[in-house]
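Structural features, examined
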Amino acid sequence: MIRVPTCVLSSFQAPQVSHGHDPDLFVQIGSLTKPLTATVLTALADDTVLSLDDPLERFLPAPGGTGITLRHLAEHTSGLPRLPPGINGRDPYAAFDAAALDSVVRTLDTLATAPPGTAEEYSNLGYALLGAALTAATGTPYEELLHRHVLDPLGVADVAVDPPPGRRLCRTGLFGRPRRPWTMDGAILPAGGLWATPRAAARLLTGLLVERGLGEPAPAWQKAGSLVWHNGATGGASVFAGASPQGWILVHRLSGRSAVTDQLALDTLRLFIRPGD
């Protein structure tokens, strides 16, 4: 049996840490990055730097007339596919740099699978474009926007694009050697490239969803009844973060099998939340 390093932080019980996980080391959080990017968007909209309904071509050299707005990107209703063209291999996003994103932007009218606003399709590409639009609108690097509008107001540290190698926790191979994580610090960063300690990720979860320290949850968060949640996965890590009126939970595992991580989180929630509560 493969023992997967697992960390469960919640409002229901003491931290549950097993098989070598560590809540104070940096781990990849994958698409849990998206709610943070969307929170930057809503903060800039509140500051009237931009509007959620601004067309993408206001900020990036996209063909005119696509009808795609920043809101469409944030809500996964842009009509764009899940992945950028050419994403494959063991390190699928390594070559997706600024030049590759620019090439995609200029041909967006050929990529849409549905008119914007008509259907929901989860899109990493859409969030890569959203992050690029936010940096273009402000002339500010993504990481600086993240600190200014999310991390610093919530008082959260230990979230980074490139954490110190000695503080990273990665999946290991058969002989205990750390496996090389996916390269996510290029154009895909705003969609899924952040690292955080589980404690920092839990603080973000509670700050954004429980305390509502920055207002109403940003459009990226998903809803299932009273549960507001998001998950994320890379090749060697997966995470689930969710909150309801009864409490909150964050589960991180050093495995890319996000369905198992999600199920562990939901099963734990069911232990402590009775139907109808």
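The rules behind these values
Residues numbered from 1 in each chain as written. Predicted model: local features only at pLDDT ≥ 70, side-chain atom pairs only at ≥ 80, totals over all residues. Heavy atoms only, no water. Pairing = 2+ DSSP bridges. Helix = DSSP H or I, 4+ residues; strand = E, 2+ residues; numbered from the N terminus. Axes fitted to C-alpha atoms, helices over the stretch in contact; angles between N-to-C directions. Contact = heavy atoms within 4.5 Å. Buried < 20%, exposed > 50% of the residue type's maximum accessible area, 1.4 Å probe, protein only. Core = buried A, V, L, I, M, F, W, Y, C linked by side-chain atoms within 4.5 Å. Polar contact = N/O pair within 3.5 Å; in protein donor to acceptor, adjacent residues only side chain to side chain.

**Brief notes about the sheet that holds strand β8 (residues 238–244)**
Sheet architecture is open: six strands sit in the order β2-β1-β9-β8-β7-β6, paired in antiparallel fashion. Unpaired on one side and paired on the other, β2 (16–18) and β6 (222–224) mark the two borders of the sheet. Going across the sheet, the axis of each strand differs from the next one's by a mean of 15°, ignoring polarity. Against the sheet, helix α8 (residues 258–272) engages β1 (6–10), β7 (227–233), β8 and β9 (247–253), with an angle of about 150° to β9.

**Re the side chain of Thr 39**
Note on placement: Thr 39 falls in helix α1 (residues 33–46). We classify Thr 39 as buried; its relative accessible area is 5%. In contact with Thr 39, other than residues within four places in its own chain, are Val 150, Leu 208, Leu 214 and Ala 218.

**Looking at the nonpolar core**
Counting residues in each nonpolar core, the largest one holds 69 residues, and the members touching the most others are Leu 56, Leu 70, Phe 96, Leu 129, Leu 146, Val 159 and Leu 194. For this core, the element with the most residues is helix α4 (residues 124–138), which contributes eight residues. Setting aside chain neighbours within four positions, we find Leu 129 in contact with Leu 56, Leu 60, Leu 73, Leu 80, Leu 101, Val 105 and Leu 108. Counting residues in hydrophobic clusters, the runner-up holds nine residues, among them Phe 240, Ile 249, Val 251 and Ala 265.

**Details of the side chain of His 76**
You can see His 76 is positioned in the loop between α2 (70–74) and α3 (98–105). With relative accessibility at 2%, the residue His 76 sits in the buried group. Engagement of the side chain of His 76 in a polar contact is seen with the backbone nitrogen of Ser 123, the distance being 3.0 Å. Leave out the neighbours within four places in its chain, and His 76 touches Lys 34, Ala 119, Glu 120, Glu 121, Tyr 122, Ser 123, Tyr 127 and Gln 222.

**Considerations on the pairing of β1**
The element β1 is largely enclosed, with a buried count of five among its five residues. Residues Thr 6, Val 8 and Ser 10 line one face of β1 and the alternating positions Cys 7 and Leu 9 line the opposite face, and both faces are buried. Where β1 meets β2, three bridges bridge the pair, whose relative direction is antiparallel. Bridge pairing in β2 links Cys 7 to Val 17. Linking β1 to β2, which pair antiparallel, is a turn of five residues. Of the pairings in the sheet, the one linking β1 to β9 comprises five bridges and is antiparallel in character.

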